[in-house]
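Working through the structure, step by step
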Amino acid sequence: MATAAAPSAASRIAVVTGASSGIGAATARQLAAAGYRVVLTARRKDRVEALAEEIQAAGHKATAYPLDVTDRAAVDEFATAFKTVGVLVNNAGGALGADPVATGDPDDWRRMYETNVLGTLNLTQALLPRLEASGDGTIVVVSSTAGFATYEGGGGYVAAKHAEHVLAETLRLEIVGRPVRVVEIAPGMVKTDEFALTRFGGDRDKAAKVYQGVADPLSADDVADTITWAVTRPAHVNIDLLVVRPRAQASNTKVHREG
Ligand code: 8X3
């Protein structure tokens, strides 16, 4: 039976983007508990600082670094803080709107491409030399089941997530032979405080409908658990792609709802 590998000394820093809430925050907590020194990044300074304090109070190592992943100059500056990085979790991103292609807002499409795809590209390019220098680096791309099949009203988000999937697959081809794994985690329906609320511009009724009647959507912790599991496999084991959905969801459009 494979055992979880303790991170090597050179691989102990784990950078998590979008760590202010949801999957990113849960991942930061779990990686810290697994022994990593977590670096929490997100735009909201107060949130990442509060979470870093919480993780420290639990006896683990955490620092906060406010960062907008779409700001390349800021990302490059952030990268200079490290000689080596063991793990990069590209989690920042999200959906904006659920409009048909015919009427979707091009600005939403642009912002989704910028956060999900270019944000991942920025962090990956800036930290790749440090991940390689660790001798055993792992890049995690948190994509989505939207990266594999589309659904009505999903166009802009689905397009961005397909691009994020392609980024992960292409990078894995290009860096094979170097000591960096590329892991893609593709979650389906995850109920977090903010994903659906952000998508619907703060409309709580619309956000609630996403999960209506679904007994057990995934939680942020469920996804963080799969990320932490993939990251803590022995260094030669690359979990290329892990698709995780709640039992009640058979596909992006086939969801069992009660009542
Ligand atoms: C979230 C999954 O179904 O909202 O990435 O596109 S979905």
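Everything quoted here is computed from the prediction, not taken from an experiment.

1. Here we look at the overall build of the protein chain
Across its full length, the protein chain carries eight helices and seven strands. Its C-alpha atoms give the protein chain a radius of gyration of 18 Å, near enough to 18 Å, the size a compact globule of 259 residues would have. In terms of overall dimensions, the protein chain has C-alpha extents of about 50 × 40 × 40 Å along its principal axes. The buried share of the protein chain, reckoned over its 259 residues, is 50%. Here the contacts in the protein chain between residues at least 6 apart in sequence split such that 73% fall between residues at least 24 apart.

2. Quick word on a negative patch on the surface
Together, Asp-216, Asp-221, Asp-222 and Asp-225 give the surface a local cluster of negative charge. On the basis of relative accessibility, which here comes to 46%, the residue Asp-225 falls in the partly exposed class.

3. A short note on the side chain of Ser-144
With respect to the helices and strands, the residue Ser-144 is situated in the loop between β5 (137–142) and α5 (155–174). Take Ser-144: its relative accessible area is 6%, and that puts it in the buried class. At 2.8 Å, the side chain of Ser-144 forms a polar contact with the backbone nitrogen of Ala-146. In contact with Ser-144, not counting residues within four places along its chain, are Tyr-157, Lys-161, Ile-185, Ala-186 and Pro-187.

4. Let's talk about the layout of surface pockets
Considering only enclosed or pocket space, the second largest pocket measures out at about 230 Å³ in volume. Every residue lining the second largest pocket is counted, 14 residues in all, and those nearest its centre are Ser-21, Gly-22, Ala-25, Arg-29 and Asp-193. Within the residue set of the lining of the second largest pocket, elements represented by two or more residues are α1 (22–33) and α2 (45–57). The greatest single-element share of the lining of the second largest pocket, amounting to four residues, is contributed by α1.

5. Section: the packing of α1 against α2
Axis separation between α1 and α2 bottoms out at 10 Å; the angle between their running directions is 25 degrees. Judged by the inter-axis angle, α1 sits roughly parallel to α2. In this structure, the crossing between α1 and α2 has a hand that is right-handed. Residues Ala-25, Ala-28, Arg-29 and Ala-32 of α1 form the contact with α2, whose participating residues are Leu-51, Glu-54 and Ile-55. Here the residues of the contact of α1 with α2 are counted per class, giving five nonpolar, no polar and two charged.

6. Describing the site of the ligand
In the vicinity of the ligand, the residues found are Ser-144, Ala-146, Tyr-151, Tyr-157, Gly-188, Phe-195 and Arg-199. Here an oxygen atom of the ligand sits 2.6 Å away from a polar atom, N or O, in the side chain of Ser-144. Within the side chain of Arg-199, a nitrogen or oxygen atom sits 3.5 Å from an oxygen atom of the ligand. Surface burial for the ligand is 83%, taken as the share of its 250 Å² of free accessible area covered by protein chains. Of the residues belonging to the shell around the ligand, the class tally is four nonpolar, two polar and one charged.

7. Some remarks on the sheet that holds β5
The strands that make up a sheet pair up through hydrogen bonds in the backbone, lying either parallel or antiparallel. The seven strands are arranged β3-β2-β1-β4-β5-β6-β7 in an open sheet whose pairing can be described as parallel. The open sheet has two edge strands, β3 (62–66) and β7 (241–244), and neither has a second partner. Adjacent strand axes in the sheet meet at a mean angle of 15 degrees, parallel and antiparallel pairs treated alike. The sheet contact formed by strand β6 (residues 180–187) and β7 spans four bridges and is parallel.

8. A look at the environment of Thr-192
Examined against the element boundaries, Thr-192 turns out to sit in the loop between β6 and α6 (195–199). Taking the C-alpha atoms as reference points, Thr-192 and Leu-121, 71 residues apart in sequence, are found 24 Å from one another. In contact with Thr-192, other than residues within four places in its own chain, are Gly-22, Ile-23, Tyr-211 and Ala-220.

9. Comments concerning the UniProt feature "domain: Ketoreductase" (unreviewed entry) in the protein chain
Under the UniProt annotation, "domain: Ketoreductase" (unreviewed entry) lies at residues 12–193. In residues 12–193, the share of helix is 45% and the share of strand is 19%. The end C-alpha atoms are 29 Å apart.

The rules behind each value
Residue numbers here run from 1 along each chain, matching the order of that chain's written sequence. Note on the predicted model: pLDDT of at least 70 is required for a residue's local features to be given, and 80 or more for side-chain atom pairs to be given and counted; whole-chain, interface and lining totals, by contrast, use all residues. Water and hydrogen atoms were dropped before computing side-chain values, which therefore reflect all heavy atoms in the structure. Secondary structure elements follow DSSP: runs of H or I of four or more residues count as helices, runs of E of two or more count as strands, with numbering from the N terminus. When we talk radius of gyration, it's over C-alpha atoms, and the globule rule is simply 2.2 Å times the number of residues to the 0.38. The buried label applies to any residue whose accessible area, calculated with a 1.4 Å probe on protein chains only, is under 20% of its type's maximum; exposed applies above 50%, and partly exposed to all values in between. Pairs of residues are marked as contacts when any of their non-hydrogen atoms sit within 4.5 Å. Patch definition: residues above 30% relative accessible area lacking any salt bridge, with like charges linked at up to 9 Å and the nonpolar side chains Val, Leu, Ile, Met, Phe, Trp and Tyr linked at up to 5 Å. Only the protein chains shown count as cover for residues, and all accessible areas are computed by the Shrake-Rupley method using a 1.4 Å probe. Salt bridge, as applied in this entry: a Lys or Arg side-chain nitrogen positioned within 4 Å of an Asp or Glu carboxyl oxygen. Under the convention used here, Asp and Glu are negative, Lys and Arg are positive, and both His and the chain ends fall outside the count. To locate a charge, take NZ of a lysine, CZ of an arginine, CG of an aspartate or CD of a glutamate. Definition of a polar contact: a pair of N or O atoms within 3.5 Å, with one able to donate and the other able to accept a hydrogen when the atoms are protein atoms, and with sequence-neighbouring residues admitted only if both atoms are side-chain atoms. Throughout, the protein atoms alone are placed on a 1 Å grid, and a set of points is a cavity if a 1.4 Å probe fits but cannot get out or a pocket if it is open with protein on both sides within 12 Å along at least five of seven lines; lining residues have an atom within 4 Å of a point. Grid points are joined across faces, edges and corners, and a volume is the space filled by probe spheres set on the points. Under this scheme, a helix contributes an axis fitted over its contacting stretch, all axes are lines through C-alpha atoms, and angles between N-to-C directions fall in the 0 to 180 degree range. The scheme is simple: roughly parallel for angles under 35 degrees, roughly antiparallel for over 145, roughly perpendicular for 65 to 115, oblique for anything else. Helix crossings are classified by the rotation of the near helix relative to the far one: an anticlockwise turn of less than a right angle makes the crossing left-handed, while a clockwise turn makes it right-handed. Under the scheme applied, nonpolar residues are Ala, Val, Leu, Ile, Met, Phe, Trp, Tyr, Cys and Pro; charged residues are Asp, Glu, Lys and Arg; polar residues are all the others, including Gly. By convention in these notes, a residue is near a molecule or strand provided one of its non-hydrogen atoms lies within 4 Å of it. Pairing between two strands requires that DSSP report at least two bridges joining them. UniProt positions are given in the numbering used here, feature names are shortened, and annotations may be inferred rather than shown by experiment.

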